[in-house]
Amino acid sequence: MNYKTLKPFPAGFLWGASTSAYQVEGANREDGKGPSVQDIKRVPPGTSELDVCADHYHRYREDIALMAEMGFKEYRFSIAWTRILPQGTGEVNPKGVAYYSDLIDTCLKYGIEPFVTIFHFDLPAALSEKGGWSRRESVDEFVDYCRILFENFGDRVKYWLTINEQNMLTLVGEAIGTANLNKEESVIKQLYQHNHHMLLAQAKAMKLLHEMVPGAKIGPAPNISLVYPKTCKPADVLAAQNFNAIRNWLYLDMAVWGYYNPIVWAWLEENGALPVIQPGDMEIMRQARPDFIAFNYYSTSTVEASDGTEKDGGDRAKKDERVGVPGVYAMARNGSLPTTQFGWEIDPEGFRATLREVYSRYHLPMMITENGLGAYDKLEADGSVHDPYRIDYLRDHIRQMRLAVTDGCQVMGYSPWSAIDLISTHEGMVKRYGFIFVNRDEFDLKDMKRVRKDSFYWYQKVIASNGEDLD
Ligand code: BG6
């Protein structure tokens, strides 16, 4: 749909950007922090360990001052469970509480809303060794951790996110380093049992926050992107519906309405992989309500009908093999989209389409908690960093978000990935996403100096004009 006049972004729109603890903080064995699954995993070959990252743990004041200079209205960061509870349960680490307390106060000093992710891929190693999310007890362990956060920070934090990308933990958990699976048993059955426990933990956390901190807001933060059919052949359309249900709607249907998506349920049943649901679980799911839907968006996916030979599941088409789920869907290349230096498809219009679809299904305000472009940025001899490709990517996505607002979608904020350079999930430090350059290489820590990229100055103008000035 074309418009003669675009609606403005609402007043009070939350412009900012995001990070996560294990990717940005470093200091992963300091001040009483326990190890998480990220700290004990084998990092991908050729990439840095997670002991220093951007050294945000020691430099957060300087970093937040730079975010304030950009004009941030919010800063989305995650709390490392193992800084608060080094073993995942039991004794609270006062230094961990003090660290996040000061980080929150520093944000507030500049008028930046802290937007806190409770759990971003960093399950305590001590809990993972016991079986992680496979155990029923994991639900209460998570809720106990949440209670500690709400008690300590609920007086200052208005916005909370439950679990970052629970759908990716379920679809590609082994690649993220989080899935702890028993190779002897059905993988799908185990994964969807973990998933049930996370869904229940999330529902209980949402309920708990509403009871403990009236007025505070909480929502899920999956990675949502519309799945396109490769062609208009009906079999491809059905495959797209299948993957949309498995990748996207399962998570949001449960968070918002408290029921299992019927297509996913039928697929699990067919595979003997239905989760064990205890009496009362679904009642809790139905009672819990998010205040908004947060989601991360990088690009859309495209699928075609399965021919029965697919391997792996997963979310991205590998060049030489058919990836997908036999009988359900096969990943496909879109063919009409440009890609980043790292091969990720770029689809700003798909962002608008995804916003429209999510709003039409759930009618809740939406918060964009990640969106961005990873690239090999370079510090020039004169101290500048030119990243026009990132500006183009973000500009195109913000334009489409504005069109979605004009379409009638309620969007409350935009928090791209990432505020500052940090370690990528799979591709190390050299895959940079930030507005702020960190002067280190993959293994050479150099001086860790913070440098404003061209995108820093551009985003400053975007925020100052509430999204009007995108040039
Ligand atoms: C999201 C995650 O999946 O994508 C982030 O929430 C991650 O943790 C981001 O860093 C970008 O992915 P990558 O693999 O390029 O780091």
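Residues numbered from 1 in each chain as written. Predicted model: local features only at pLDDT ≥ 70, side-chain atom pairs only at ≥ 80, totals over all residues. Heavy atoms only, no water.

Engineer: Looking at this model, I keep getting lost on the site of the ligand. Mind explaining?
Structural biologist: In the region of the ligand, 15 residues are neighbours, and Gln 23, Glu 165, Thr 425, Lys 431 and Tyr 433 sit closest. In the environment of the ligand, an oxygen atom lies 3.1 Å from a nitrogen or oxygen atom belonging to the side chain of Ser 424. Lys 431 places a side-chain nitrogen or oxygen 2.6 Å from an oxygen atom of the ligand. Its free accessible area being 380 Å², the ligand has 96% of it covered by the protein chains. In the shell around the ligand, the residues fall into five nonpolar, seven polar and three charged. (Near = heavy atom within 4 Å. Polar contact = N/O pair within 3.5 Å; in protein donor to acceptor, adjacent residues only side chain to side chain. Areas by Shrake-Rupley, 256 points an atom, 1.4 Å probe, with all protein chains shown as cover. Nonpolar A, V, L, I, M, F, W, Y, C, P; charged D, E, K, R; others polar.)

Engineer: Would you mind going over the pairing of strand E8 (residues 301–304) with me for this structure?
Structural biologist: The side chains of a regular strand alternate, residue by residue, between the two faces of the sheet. Where strand E6 (residues 227–229) meets E8, three bridges bridge the pair, whose relative direction is parallel. Note on E8: the bridge partner recorded for Pro 229 is Val 303. Note: E8 against strand E11 (residues 329–332), three bridges, orientation antiparallel. Bridged to Thr 302 within E11 is Ala 332. (Pairing = 2+ DSSP bridges. Helix = DSSP H or I, 4+ residues; strand = E, 2+ residues; numbered from the N terminus.)

Engineer: Just checking my understanding: could you explain the layout of surface pockets for this structure?
Structural biologist: Summary: where empty space remains is shown by rolling a probe the size of a single water molecule over the atoms. Each pocket or cavity is described by its volume, and for the second largest pocket that value is around 210 Å³. Ranked by the residues each element gives to the lining of the second largest pocket, the list is headed by helix H10 (residues 234–257), at six residues. Class assignment of the residues belonging to the lining of the second largest pocket gives a composition of ten nonpolar, three polar and two charged. (1 Å grid on protein atoms, 1.4 Å probe; cavity = no way out; pocket = protein on both sides within 12 Å on 5 of 7 lines; lining within 4 Å. Points joined across faces, edges and corners; volume = space filled by probe spheres on them.)

Engineer: Even after reading the chapter, I still don't get the sheet that holds E6, so can you show me in this structure?
Structural biologist: Sheets are built from strands that pair by backbone hydrogen bonding, the pairs being arranged parallel or antiparallel. If you walk across this open sheet you meet the five strands as E6-E8-E11-E10-E9, and the pairing is mixed. The open sheet has two edge strands with one neighbour each: E6 and strand E9 (311–312). Looking at chain direction, strand E10 (residues 323–325) and E11 are connected through two bridges and run antiparallel. Bridge pairing in E11 places Val 325 opposite Tyr 329.

Engineer: Explanation requested: the pairing of strand E2 (residues 74–78) in the structure shown.
Structural biologist: Of all five residues making up E2, five are buried, and the element is well covered by its neighbours. Of the two faces of E2, the one carrying Glu 74, Arg 76 and Ser 78 and the one carrying Tyr 75 and Phe 77 are both buried. Bridge count for strand E1 (residues 14–18) against E2 is three bridges, and the pairing is parallel. Along E2, the bridge assignment pairs Gly 16 with Glu 74. Where E2 meets strand E3 (residues 113–119), five bridges bridge the pair, whose relative direction is parallel. Across the sheet, residue Arg 76 finds its bridge partner in E3, namely Phe 115. (Buried < 20%, exposed > 50% of the residue type's maximum accessible area, 1.4 Å probe, protein only.)

Engineer: Even after reading the chapter, I still don't get the side chain of Arg 450, so can you show me in this structure?
Structural biologist: Following the sequence through the fold, Arg 450 ends up in strand E15 (residues 450–452). In terms of polar contacts, Arg 450 uses its side chain to reach the backbone carbonyl oxygen of Ala 54, at 2.5 Å. Only 2.7 Å separates the side chain of Arg 450 from the side chain of Asp 63, close enough to count as a polar contact. With residues near it in sequence (within four places) discarded, Arg 450 still touches Ala 54, Asp 55, His 56, Arg 59, Glu 62, Asp 63, Leu 66, Ile 420, Ile 436, Phe 437 and Val 438. (Contact = heavy atoms within 4.5 Å.)

Engineer: So what exactly am I meant to see when it comes to the sheet that holds E3 here?
Structural biologist: With parallel pairing, eight strands are arranged side by side in an open sheet as E5-E4-E3-E2-E1-E13-E12-E7. Each having just a single partner strand, strand E5 (217–221) and strand E7 (293–296) make up the two edges of the open sheet. Between one strand axis and the next, the sheet turns through 25° on average, direction left out of account. Sheet topology note: the E1/strand E13 (residues 411–414) ladder contains two bridges and is parallel. When the sheet's bridge partners are listed, Leu 14 is paired in E13 with Gly 413. Its contacts with the sheet place helix H13 (residues 348–362) against E7, strand E12 (366–370) and E13, and it is angled at close to 155° to E7. (Axes fitted to C-alpha atoms, helices over the stretch in contact; angles between N-to-C directions.)

Engineer: I'm lost on the packing of aromatic side chains in this one. Help?
Structural biologist: Aromatic ring pairs are described here by two measures, namely the spacing of the ring centres and the angle between the planes. Under the counting rule described, the total for this entry stands at 32 aromatic pairs. An aromatic cluster of at least three residues, connected via ring pairs, comprises Phe 9, Phe 13, Trp 15, Phe 72, Tyr 414, Phe 435, Trp 458 and Tyr 459. When the ring centre of Tyr 99 is taken as origin, the NZ or CZ atom of Arg 83, which lies over that ring, is 5.7 Å away. For Arg 452, the ring lying beneath its charged end belongs to Phe 456, and the centroid distance is 5.6 Å. (Phe/Tyr/Trp six-rings, centres within 6.5 Å; stacked < 30°, edge-to-face > 60°. Lys NZ or Arg CZ within 6 Å of the ring centre and 35° of its normal.)

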